[in-house]
Amino acid sequence: MKIALLGYGKMGKVIERIALERGHEIVLKKDEFNTFDGLEKANVAIDFSAPNVAVENISTAINHGIPVISGTTGWLENYHQIEKLCNEKNAAFLYGSNFSLGVNLFFELNDFLAKMMAKFKDYKVSMEEIHHTQKLDKPSGTAISLANAVINRTDKNNWAIENPKEDDVFIDVKRIDDFPGTHSVFYNSDVDFIEIKHVAHNREGFALGAVIAAEWIIGKKGIFSMKDVLELDNRK
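Heads up: these notes are all about the structure in this document. (Residues numbered from 1 in each chain as written. Predicted model: local features only at pLDDT ≥ 70, side-chain atom pairs only at ≥ 80, totals over all residues. Heavy atoms only, no water.)

## Focus: the overall build of the protein chain
And step 1. Counting secondary structure elements, the protein chain contains seven helices and 11 strands.
And step 2. For 236 residues, the compact-globule estimate of 2.2 N^0.38 gives 18 Å, and the protein chain sits close to it at 18 Å.
And step 3. Counting all 236 residues of the protein chain, 49% fall into the buried class.
And step 4. Within the protein chain, contacts between residues at least 6 apart in sequence are counted, and of these 64% link residues at least 24 apart.
And step 5. Put simply, the protein chain shows about 12,100 Å² of open surface, and 50% of that area lies on carbon and sulfur atoms.
And step 6. In the protein chain, which carries 28 positive and 34 negative side-chain charges, the distance between the mean positions of the two groups comes to 3 Å. (Helix = DSSP H or I, 4+ residues; strand = E, 2+ residues; numbered from the N terminus. Rg over C-alpha atoms; globule rule 2.2 N^0.38 Å. Buried < 20%, exposed > 50% of the residue type's maximum accessible area, 1.4 Å probe, protein only. Contact = heavy atoms within 4.5 Å. Areas by Shrake-Rupley, 256 points an atom, 1.4 Å probe, with all protein chains shown as cover. Lys, Arg positive; Asp, Glu negative; His and termini not counted. Charge placed at Lys NZ, Arg CZ, Asp CG, Glu CD.)

As structure tokens, then:
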């Protein structure tokens, strides 16, 4: 499989190493200093870039008929634009706020717990996410995915990172030097406290998940998520 890396920062370099270990070829390593030359050779593109260039990266690949795996966060206000383009071009696109197997299992656990806790009004839900100081977007895409799952299962209407209203899910965002990516969901009452937490030890799990998703999407058309790749049950 020939892979175009759209974004060649720390994450892109880990993806490159894992892809090579799995027998794949890298035909483009795009950063802010080079062009899309080589994209046309790719079977799939993996986008781990920055919010301000993600839409251009994804759109360019889709317009070339190349399926895209995107793990860039902070650009989702334009998600419907990409969704529309993908459908128009009969292309393939998969966005994941987090490609780690553990995080995707955590998503399922969070969804199930939110569904179960919805009828217990004495519990107040909140969240915390901690990342290294170089992470640009606040809150993280993973935190937003977790919060949206809670919102979909409960009477909450939105999430907030400051001055939360009664119907908001408050996300306490922290940026600490050299701190591993950590996401926690809390349910607190007057009598007890429930917490679920995921801590990432390194980038390996995210990179491996992205490469597995790239392998999976070859030959497919449509818009997908890691639920499709991992065949996780969609709870109703």
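Picking up after the structure, the text goes on.
## Topic: the sheet that holds strand E3 (residues 44-47)
And step 1. Judged by pairing direction, the sheet is parallel, and its six strands sit side by side in the order E2-E1-E3-E4-E5-E11 without closing on themselves. Only two strands of the sheet have a single neighbouring strand rather than two, namely strand E2 (25-30) and strand E11 (222-224). The sheet shows a mean angle of 15° between the axes of neighbouring strands, direction not considered.
And step 2. In the sheet, strand E4 (residues 68-70) pairs with strand E5 (residues 92-95) via three bridges, with the strands oriented parallel. Bridge assignment links Ser70 to a residue of E5, and that residue is Tyr95. (Pairing = 2+ DSSP bridges. Axes fitted to C-alpha atoms, helices over the stretch in contact; angles between N-to-C directions.)

## Brief notes about the sheet that holds strand E7 (residues 158-160)
And step 1. In spatial order, the strands read E7-E8-E6-E9-E10; together these five strands make up an open sheet with mixed pairing. Each edge of the sheet is formed by a strand with only one pairing partner; in this case those strands are E7 and strand E10 (193-199). Across the sheet, the mean angle separating the axes of adjacent strands is 20° when strand polarity is ignored.
And step 2. The sheet contact formed by strand E6 (residues 124-131) and strand E8 (residues 168-175) spans six bridges and is parallel. Of the residues in E8, the one forming a bridge with Ile130 is Lys174.
And step 3. Together, strand E9 (182-188) and E10 form the strand contacts of helix H4 (residues 101-117), whose direction differs from that of E10 by roughly 165°.

## Considerations on unusual backbone geometry
And step 1. Note the cis peptide between Lys138 and Pro139, where omega equals -5°.
And step 2. Within the element layout of this structure, Pro139 appears in the loop between E6 and helix H5 (141-153).
And step 3. Even without being a glycine, Asn90 presents a positive backbone phi close to 50°.
And step 4. Looking at where Asn90 falls in the secondary structure, it is placed in the loop between helix H3 (79-88) and E5.

## Topic: the environment of Gly222
And step 1. Within the element layout of this structure, Gly222 appears in strand E11.
And step 2. Since its relative accessible area comes to 19%, Gly222 is described here as buried.
And step 3. With residues near it in sequence (within four places) discarded, Gly222 still touches Cys86, Ala91, Ala92 and Phe93.

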